[in-house]
Amino acid sequence: MVIVQIIGGLGNQMFQYAAGCELAERLGSRLVLDISAFKNYTLHQGFELNRLFEMTPAIATTKDLRCLLGWQHSPILRSLLSRRRLATLRSPRFILEPHFHFWNGFDELGDDIYLVGYWQSEKYFKSVIAQIREAFRFRLPLEGQNIELAARISQTQAVSLHVRRGDYASNLKTKAVHGLCSLDYYRAAVAHVVRKVDKPEFFIFSDDINWVRTNLQLDFPHNFVEHNKEASSYIDMQLMSLCRHHVIANSSFSWWGAWLNPSLEKIVVVPRLWFVNNNNVQDLFPEGCVLL
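Description of the structure in this document. (Residues numbered from 1 in each chain as written. Predicted model: local features only at pLDDT ≥ 70, side-chain atom pairs only at ≥ 80, totals over all residues. Heavy atoms only, no water.)

As for its placement among the helices and strands, Asp-64 is situated in helix H3 (residues 62-69). Through-space distance from the C-alpha of Asp-64 to that of Ala-188 is 50 Å; in sequence the pair is 124 residues apart. Apart from the residues within four sequence positions on either side, Asp-64 is in contact with Met-1, Ile-3, Val-32 and Ile-59. Reaching out from Asp-64, the side chain makes a polar contact with the backbone nitrogen of Thr-61 at a distance of 3.0 Å. (Helix = DSSP H or I, 4+ residues; strand = E, 2+ residues; numbered from the N terminus. Contact = heavy atoms within 4.5 Å. Polar contact = N/O pair within 3.5 Å; in protein donor to acceptor, adjacent residues only side chain to side chain.)

For helix H1 (residues 10-27), which comprises 18 residues, the first-to-last C-alpha distance of 26 Å matches the rise-based estimate of 26 Å (1.5 Å per residue) to within 8%. Buried residues dominate H1, accounting for 15 of its 18 residues. (Expected span 1.5 Å × (residues − 1). Buried < 20%, exposed > 50% of the residue type's maximum accessible area, 1.4 Å probe, protein only.)

So, on to the sheet that holds strand S3 (residues 58-59). Adjacent strands of a sheet form backbone hydrogen bonds with each other and so pair up, either parallel or antiparallel. Across the sheet, which stays open at both edges, the five strands sit in the order S3-S2-S1-S5-S4 with parallel pairing between neighbours. Every other strand in the sheet has two partners, leaving S3 and strand S4 (94-96) as the edge strands with one partner each. Where strand S1 (residues 2-5) lies against strand S2 (residues 31-34), four bridges are found, and the strand directions are parallel. Across the sheet, Val-4 pairs through a bridge with Leu-33, a residue of S2. (Pairing = 2+ DSSP bridges.)

Turning to the pattern of salt bridges, a few remarks are in order. Pairs can form between side chains of opposite charge whenever their charged atoms are close. Here the structure, examined in full by the defined rule, presents eleven salt bridges. With a closest N to O distance of 3.1 Å, Glu-122 and Lys-126 form a salt bridge. The exposure class assigned to Glu-122 is buried, which follows from its relative accessible area of 11%. Under the relative-accessibility criterion, Lys-126 is labelled partly exposed at 48%. (Salt bridge = Lys/Arg side-chain N within 4 Å of Asp/Glu carboxyl O.)

For Lys-199, which is not glycine, the phi torsion reads 55° and is therefore positive. Relative to the elements of secondary structure, Lys-199 occurs in the loop between helix H9 (183-196) and strand S7 (200-206). The backbone of Glu-230 sits at a positive phi, close to 50°, despite the residue not being glycine. Among the secondary structure elements, Glu-230 is positioned in the loop between strand S8 (222-225) and helix H11 (234-242).

What follows covers the pairing of S2. Neither face of S2 is open: one carries Leu-31 and Leu-33, the other Val-32 and Asp-34, and all of them are buried. Read as a crossover between parallel neighbours, the route from S1 over H1 to S2 is right-handed. Relative to S3, S2 runs parallel, the two being bridged by two bridges. Directly across from Val-32, in S3, lies its bridge partner Ala-58. (Right-handed = clockwise from strand over helix to strand, strands pointing away.)

Further remarks concern the sheet that holds S7. A sheet is described by the order of its strands in space; here six strands give the open sequence S8-S7-S6-S9-S10-S11, paired in parallel fashion. Each edge of the open sheet is held by one strand with a lone partner, namely S8 and strand S11 (290-291). Sheet topology places strand S10 (residues 268-270) next to S11; two bridges connect them, and they run parallel. Its bridge partner lying in S11, Val-270 is registered against Leu-291. Contacting strand S6 (157-163), S7 and S8, helix H6 (residues 145-154) runs over the sheet at an angle of about 145° to S7. (Axes fitted to C-alpha atoms, helices over the stretch in contact; angles between N-to-C directions.)

Once that is clear, we can look at the nonpolar core. Within the largest apolar cluster, 64 residues are counted, with the highest numbers of intra-cluster contacts made by Tyr-17, Leu-49, Leu-115, Ile-132, Phe-136 and Trp-256. Per-element accounting of this core gives the leading share, nine residues, to H1. The contact partners of Trp-256, leaving out residues within four places of it in the chain, are Gly-11, Met-14, Phe-15, Ala-18, Phe-125, Ile-132, Phe-136 and Met-237. Among the nonpolar cores identified, the runner-up in size contains 21 residues, and Val-163, Phe-202, Leu-218 and Ile-267 belong to it. (Core = buried A, V, L, I, M, F, W, Y, C linked by side-chain atoms within 4.5 Å.)

Encoded structure:
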């Protein structure tokens, strides 16, 4: 089997699942998700994949982990062994993502392994895109105000625009890694879209919509989407995916909102500065994205 550790927000969970799916499919193996790290995880909405999407993933048991990793199966030991300096102590079945950009060694992995990492590149699941789109079909139909928004989106040259702030703005440690997309980025992105799209209408999503109202001035038709909160926040991704074009933040959430739109004609504008640190993002953006 292939066990993949799932942790983080919804976008991160989707990347991890997608990478595990590709590997299991290639090896003809069983994909199992280790969600044990969510027991002490207080950010975001916890493990969401099986609640939101049309999938019923197998969940790893303690027996599965012990069978695969032996004495290294305990959560404490797995956490310790995820430190780079302890690499030589890891079982050869314990695979830690070595860096942020695509790792060529992924294509050489064999069966019966435990994957730890974020795997944030389409290259990790390029061969199973059809299966991933099928797996990430939203389970629940839209209701109420979201039905009205979806109808408006379908009737216009809809452009999703995502502003991620939240812990990027409030948590100094997180901000030092991710940073915030500048207003200059959004102005340049909007300018690019309006040069390419006739009569665009912007649908603005954010975890700090009041900040956006105050600071981002648009001279084009636009709508602020601000009612999907907490357990319903995923619906913003669902609505993004219905738009024709996309301006995303340095966020895996809006990365997937744009990716789930299957149109070959879509414009996807992405921020060149995804991290403040030196992570190599050369493999993060699918072909055709516009970097600004």
